[in-house]
Every structure is written in C-alpha cells, then in structure tokens.
Amino acid sequence: MSSKDRILARVRRATGDRGPEPEPAVPRDYLQVHGVRTPAERTALLAANLAEYRAKVHRSDEDALPHLLMRLLAERDARQVLIPHGLPAGWTAAVDATLVHDRRASTARQLDLVDSVVTGCALAIAETGTIVLDGGPAQGRRRITLVPDHHVCVVRVPDQVVDSVPQALPLLDPTRPLTWISGPSATSDIELDRVEGVHGPRTLDVVLLGAQ
C-alpha cells in the first residue's frame, strides 16, 4: 500500500466514509441592478464609466462608422490593422492601412508588429464600464486583443448594453474564453505609479454604434 493509499484510508475511517456532502445553497438575494434606467441612460452610464477608466469613447451611426475608424487609426499612424474574420466588411471600408486577418498560425511576435486591432464585443456592462469579449466571429481569439498596443472596440447600443454584472452573466457562455475589459491595460507599483500597456493594449477606443 502506498503512502497515498494509507492517508486516504485514514481519512475514510475518520469521516465514516459518508461520501461527499451536498453543496449548501448560495443565497441570491442581492440586488440584480442598482436603479431603473432607460436605454439612453444606460448607454450614458456606460460611456461615463468607460471614460473614468481612461478609455476614449466615441459615438457613431452605421454610415459614419467607416470614416470614424479611418480617423482613429490614422491618429495612431496605424499601418497594419488586425481584424477578426467575422468583422463586418463595411466597418473598415475607408481604412487607409493594411488589413491583417487573424490567423491561428500567427505568433505573439507577429501580433506585436501590428499597430491596432478592431473588434466587436459580446456585450458591455454599464454599471462597471466593462466590455466583455467571448471570442465570437467579430472578436477573434483572445490574444489578438491582448498583444497589439491599440484596441478599437465597437459596441452596438442599446442592444449589447446591460446594466449590471448579474444581468450579464446569464447571457454569457461560461465555456467560451471570456475577456473582461475595463479601460486600457494598467497596473501600478507600491509607489502608485500607474503604468499602462503591461498586459494588454495601452490605448482603448470604444465606439458606441447607434448612439448618435
């Protein structure tokens, strides 16, 4: 008998080998949302909280979106722009840069050579100023939004905006690779010196599509 078997035998004798006990019920009596909001108020709260996290927030409709993306990428002098395969083609129709499609074979070093990435999202949470990506066709794999220094994320409003985290969780598939983004990547040391771009994009532009 191995040492492991001897230890497990002692545990069984001590516990009477009762087997696993049922998990206690978790109370869910907390507030699902803090306040009642109209779609416009929900979008305004999302924009305010995104800005609080130092994301740059823009508003656009479908017609103006291609030119807005062209301007945002030109301001960054982006020469190579990474896009997931399911991104609507019309969004980048006016972009004056080389569009690089997400490929499974791309290495982190190759992704680091890209100037910007443009994606959609799964949903956004107004109360926390959070954008959630789930690797859907318009978002691509997780690493394409973590390696490039500049991320432009398009959120359809009001359809993709919920008030709170409890409202968001039932809408998300926990088996998918979920990335929760609250502003550009940042951290601070013991002296509270803020450093951006450590484990994600240094600059986050969020376009609220349909909010004109």
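Refer to the structure presented above.
Residues numbered from 1 in each chain as written. Predicted model: local features only at pLDDT ≥ 70, side-chain atom pairs only at ≥ 80, totals over all residues. Heavy atoms only, no water.

Participant: Report on the sheet that holds strand E2 (residues 80-83), specifying residues and quantitative values.
Facilitator: Taken in spatial order, the six strands line up as E1-E12-E7-E4-E2-E3 in an open sheet, and their pairing is parallel. Looking at strand neighbours, the two that pair on one side only are strand E1 (56-60) and strand E3 (98-101), the edges of this open sheet. Sheet twist, expressed as the mean angle between neighbouring strand axes with direction ignored, is 25°. Pairing geometry for E2 and E3, over four bridges, is parallel. By the bridge assignment for E3, Leu82 is matched with Val100. Relative to the sheet, helix H2 (residues 39-52) contacts E1 and strand E12 (203-209), its axis offset from that of E1 by approximately 150°. (Pairing = 2+ DSSP bridges. Helix = DSSP H or I, 4+ residues; strand = E, 2+ residues; numbered from the N terminus. Axes fitted to C-alpha atoms, helices over the stretch in contact; angles between N-to-C directions. Contact = heavy atoms within 4.5 Å.)

Participant: Account for the nonpolar core, naming residues and giving values.
Facilitator: One finds Leu46, Ile131, Val155, Val206 and Leu208 to be the most contacted residues of the largest nonpolar core, which totals 17 residues. Contributing elements (two or more residues each) for this core: H2, strand E6 (130-133), strand E7 (150-156) and E12. Membership of the second largest hydrophobic core comes to 16 residues, among which are Ala78, Trp91, Val118 and Val154. (Core = buried A, V, L, I, M, F, W, Y, C linked by side-chain atoms within 4.5 Å. Buried < 20%, exposed > 50% of the residue type's maximum accessible area, 1.4 Å probe, protein only.)

Participant: Can you tell me about the state of the cysteines, naming the residues and giving the values?
Facilitator: A full pass over the atoms with the stated rule returns zero disulfides. Left unpaired, Cys121 is separated from the closest cysteine sulfur, that of Cys153, by 4.7 Å. Here Cys153 falls in the buried class, since its relative accessible area comes to 1%. (Disulfide = S-S within 2.5 Å.)

Participant: An account of H2 is needed here, citing residue identities and associated values.
Facilitator: A rise of 1.5 Å per residue sets the reference length of H2, with its 14 residues, at 20 Å; its end C-alpha atoms lie 20 Å apart and thus fit the reference within 8%. Here the buried face of H2 lies against E1, strand E5 (123-125), E6, strand E8 (161-162) and E12. Of the residues flanking the end of H2, it is Arg54, one or two places downstream, whose phi is positive at about 75°. (Expected span 1.5 Å × (residues − 1).)

Participant: Please set out empty space enclosed by the protein residue by residue, giving values where relevant.
Facilitator: Per the stated rule, a full pass over the model turns up one cavity of 30 Å³ or more. Around the largest cavity, the lining residues are Leu133, Gly135, Gln139, Gly140, Arg141, Arg142, Thr145, Pro177 and Thr179. A breakdown of the residues in the lining of the largest cavity according to their chemical character gives two nonpolar, five polar and two charged. (1 Å grid on protein atoms, 1.4 Å probe; cavity = no way out; pocket = protein on both sides within 12 Å on 5 of 7 lines; lining within 4 Å. Points joined across faces, edges and corners; volume = space filled by probe spheres on them. Nonpolar A, V, L, I, M, F, W, Y, C, P; charged D, E, K, R; others polar.)

Participant: Explain the pairing of strand E4 (residues 116-119) to me, using residue names and the numbers behind them.
Facilitator: Of the two faces of E4, the one lined by Ser116 and Val118 and the one lined by Val117 and Thr119 are each fully buried. Relative to E4, E2 runs parallel, the two being bridged by two bridges. For Leu82, the partnering residue across the bridge sits in E4 and is Val117. In this structure, E4 lies alongside E7, joined through three bridges in parallel fashion. Bridging from a neighbouring strand, Thr119 pairs with Cys153 of E7.

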